[in-house]
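Descriptive analysis of the structure
Residue strings, one per chain:
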Amino acid sequence: MELSKYFKSVIDQDKSAVVICNLEHEIIYMNPAAIQRYEKQGGQALVGRSLLDCHSPHSCELIKKVILWFTESEEHDRIYTSYNEKENKDVYMVALRNDDGSLIGYYEKHEYRNRETAKMYDFV
């Protein structure tokens, strides 16, 4: 069974921005939430560009150090990078790996701390 369309749908339905990069730091995919979030910086036009062009020299240095850390062990698969007080969220870098465990890229994961306000199973 071809799972890629299901995985893409999962990412596309996520309300949090997801930016996926290869090991050359090229942005290879942005979900709709990321395109909207980064619209002022170029939105969809950022795909194919270097993520490093979007960050300060200090942040670029940290990103490169995280990639080295990811390569040291398959157990190094997620690292906390920041807290955004305004949006009450934690931000992580997450390793992407082949079935053999080799590193193929990474993505940025946003986890909001706000409690859900929608009613449970509200079909109406």
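Structure's up top.
Residues numbered from 1 in each chain as written. Predicted model: local features only at pLDDT ≥ 70, side-chain atom pairs only at ≥ 80, totals over all residues. Heavy atoms only, no water.

A word on the packing of aromatic side chains
- Taken as a whole, this structure holds two aromatic pairs when the rule is applied.
- For the pair tryptophan 69 and phenylalanine 70, a centre-to-centre distance of 5.8 Å together with 45° between the ring planes defines the contact as tilted.
- Judged by relative accessible area, which is 0%, phenylalanine 70 ranks as buried.
- Positioned above the aromatic ring of tyrosine 92, the side-chain terminus of arginine 78 is 3.8 Å from the ring centre. (Phe/Tyr/Trp six-rings, centres within 6.5 Å; stacked < 30°, edge-to-face > 60°. Buried < 20%, exposed > 50% of the residue type's maximum accessible area, 1.4 Å probe, protein only. Lys NZ or Arg CZ within 6 Å of the ring centre and 35° of its normal.)

Quick look at the sheet that holds strand 1 (residues 19-22)
- Read across the sheet, five strands follow the order 2-1-5-4-3 without closing on themselves; strand pairing throughout is antiparallel. Edge positions in the sheet fall to strand 2 (27-30) and strand 3 (78-84), since each has one partner strand and no second. This sheet shows a mean twist of 20° between the axes of neighbouring strands, independent of strand direction.
- As paired strands, strand 4 (residues 89-97) and strand 5 (residues 103-112) are joined by nine bridges and run antiparallel to one another. When the sheet's bridge partners are listed, lysine 89 is paired in strand 5 with tyrosine 112. (Pairing = 2+ DSSP bridges. Helix = DSSP H or I, 4+ residues; strand = E, 2+ residues; numbered from the N terminus. Axes fitted to C-alpha atoms, helices over the stretch in contact; angles between N-to-C directions.)

Considerations on a negative patch on the surface
- A cluster of acidic side chains, namely Glu74, Glu75, Asp77, Asp99 and Asp100, defines a negative patch on the protein surface.
- Mapping aspartate 99 onto the fold places it in the loop between strand 4 and strand 5. (Patch = residues over 30% accessible without salt bridge, like charges linked within 9 Å, V, L, I, M, F, W, Y side chains within 5 Å. Areas by Shrake-Rupley, 256 points an atom, 1.4 Å probe, with all protein chains shown as cover. Salt bridge = Lys/Arg side-chain N within 4 Å of Asp/Glu carboxyl O. Lys, Arg positive; Asp, Glu negative; His and termini not counted. Charge placed at Lys NZ, Arg CZ, Asp CG, Glu CD.)

Details of the pairing of strand 1
- Residues Val19 and Cys21 of strand 1 are buried on one face, and the alternating residues Ile20 and Asn22, pointing to the opposite face, are buried as well.
- Here three bridges tie strand 1 to strand 2, and the two strands are oriented antiparallel to one another. Bridging across to strand 2, valine 19 finds its partner in methionine 30.
- Counted along the chain from strand 1 to the antiparallel partner strand 2, the turn is four residues long, and its residue histidine 25 has a positive phi close to 70°.
- Strand direction decides the pairing type here: strand 1 and strand 5, joined by four bridges, are antiparallel. From the neighbouring strand, valine 19 faces strand 5, where its bridge partner is glutamate 108.

By themselves, these observations are geometric and do not establish any function.
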